[in-house]
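Listed below, chain by chain, are the residues.
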Amino acid sequence: MALRIAIVGPGRVGIAFARRFVRAGVDVLGFVGRDRARTESSIDGLGADRANLKVLTWPDVHSAHVVVFAVGDEELPAAIAAATSVGGRHCSLWLHTSGCHGLDVFAKAQRLGVRVGALHPLLPFSGSVPPQSMQGALALLLGEPRSMRLLHRLCAQLELRAIVCSASGSSEHNRPLYHAACALAANGATALFGLASELLQRAGGIANDDGDRIAASLMHAAVAASEQHGAGPALSGPVRRGDAETVAAHLAALNAEQKTAVPAYVALMNGALRLARDQGLAPVDCERIASALSLLRPTS
Ligand SMILES: NC(=O)c1ccc[n+]([C@@H]2O[C@H](COP(=O)([O-])OP(=O)(O)OC[C@H]3O[C@@H](n4cnc5c(N)ncnc54)[C@H](OP(=O)(O)O)[C@@H]3O)[C@@H](O)[C@H]2O)c1
């Protein structure tokens, strides 16, 4: 059966999904947006991939087999309520792309007889860099059993690799905690990259581009080793060696040159200390590192 898809939210994720669905030959009807002009302009931005996409109203959504809600986390309940107020096509699949919400947000819509699910793409869509290929990235699927087959099919059309969340209710899957972990891994890594690059430039003698290359190279190596062996075994550096003097020297340099980086350094090195302790760092060395990390409070 040829699928017809309507997308609610012509933003970063909605547009990226539309582009990929159109390229996969799926019949994308168009977008429901909050503002007609902004929605038209987002559709125009798809260029050759705009196909026959139109600005949709809620009643138009009725003819879709799949409704993708790609609105912000705060706006999702209102968008679903607006859609629910005009009814739903029996057995159509309503899914959202939010990492923060579970399926509870669809509670009223389920009474219309629609199937529900969530397809959370596990990659960043920043909007300010050229759209990256989704090919091979992961997506976490959450859904009623009767939604899963179609969720898998949509994932394949988006060229995403599915991971299935086995929880059947919100008591078994702490969605905000899951999303906090995703935000740390994605946005936290971006922030860490930015901070490390900035400090490398401040250190002097290193060209800006080289600072980015150094940060990227170290982060790639650390992530690759952690993925292969686990974070504990992959840990290296002064905390792992129990070298408290070096840690103290780092903190003194940061305090002198970039005070705002001190809390980040302390928080992350305390995390490293927990890993090092689990890896067998001697208690006396753990004590010395902990005391070096607690000695310095940034001065104003
Ligand atoms: N960005 C990412 O990296 C990423 C990754 C994975 C998952 N997600 C999830 O995907 C969802 C969308 O994120 P995004 O980054 O694409 O957000 P976004 O760029 O801010 O886009 C949201 C879009 O939804 C529209 N909108 C808001 N309320 C609406 C409503 N009631 N009816 C119709 N349209 C409405 C907004 O229109 P206006 O022009 O009026 O604002 C905007 O076009 C979020 O749940 C997010 O958590 C995002």
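Note that the structure is a prediction, hence the values are computed from the model and not measured.

1. Overview of the nonpolar core
Right, so step 1: Ranked by size, the top nonpolar core spans 36 residues in total, and within it Phe17, Val66, Leu119, Leu154 and Leu160 carry the most contacts.
Right, so step 2: When residues of this core are traced back to their parent elements, those giving at least two are strand E1 (4-8), helix H1 (12-23), strand E2 (27-32), strand E4 (66-69), strand E5 (93-96), strand E7 (138-143) and helix H6 (148-157).
Right, so step 3: The element contributing the most residues to this core is H1, with 7 residues.
Right, so step 4: Among the nonpolar cores identified, the runner-up in size contains 27 residues, and Leu56, Ala64, Phe69 and Leu140 belong to it.

2. Some details on the domain arrangement of the protein
Right, so step 1: Partitioning the protein into structural domains gives domain 1 (4-173), domain 2 (174-234) and domain 3 (235-300).
Right, so step 2: Counting residues at the interface gives 9 residues for domain 2 and 10 residues for domain 3.
Right, so step 3: Counting the surface lost from both domain 2 and domain 3, the interface buries some 770 Å², and carbon and sulfur atoms represent 57% of this.
Right, so step 4: At the junction of domain 2 with domain 3, the criterion picks out 1 salt bridge.
Right, so step 5: The partner of Glu257 in a salt bridge is Arg202, and the shortest N-O contact between them spans 3.8 Å.
Right, so step 6: Scanning the region where domain 2 abuts domain 3 turns up 6 residue pairs in polar contact (both at pLDDT 80 or more).
Right, so step 7: Residue contributions to the side of domain 2 that touches domain 3 peak at 5 residues, all from helix H7 (residues 175-203).

3. Focus on the side chain of Thr39
Right, so step 1: Within the element layout of this structure, Thr39 appears in helix H2 (residues 36-44).
Right, so step 2: Residue Thr39 is classed as buried on the basis of its relative accessible area, which comes to 1%.

Rules of the game
Residues numbered from 1 in each chain as written. Predicted model: local features only at pLDDT ≥ 70, side-chain atom pairs only at ≥ 80, totals over all residues. Heavy atoms only, no water. Core = buried A, V, L, I, M, F, W, Y, C linked by side-chain atoms within 4.5 Å. Buried < 20%, exposed > 50% of the residue type's maximum accessible area, 1.4 Å probe, protein only. Helix = DSSP H or I, 4+ residues; strand = E, 2+ residues; numbered from the N terminus. Domains from an automatic or database assignment. Contact = heavy atoms within 4.5 Å. Buried area = accessible area lost by both parts, 1.4 Å probe. Salt bridge = Lys/Arg side-chain N within 4 Å of Asp/Glu carboxyl O. Polar contact = N/O pair within 3.5 Å; in protein donor to acceptor, adjacent residues only side chain to side chain.

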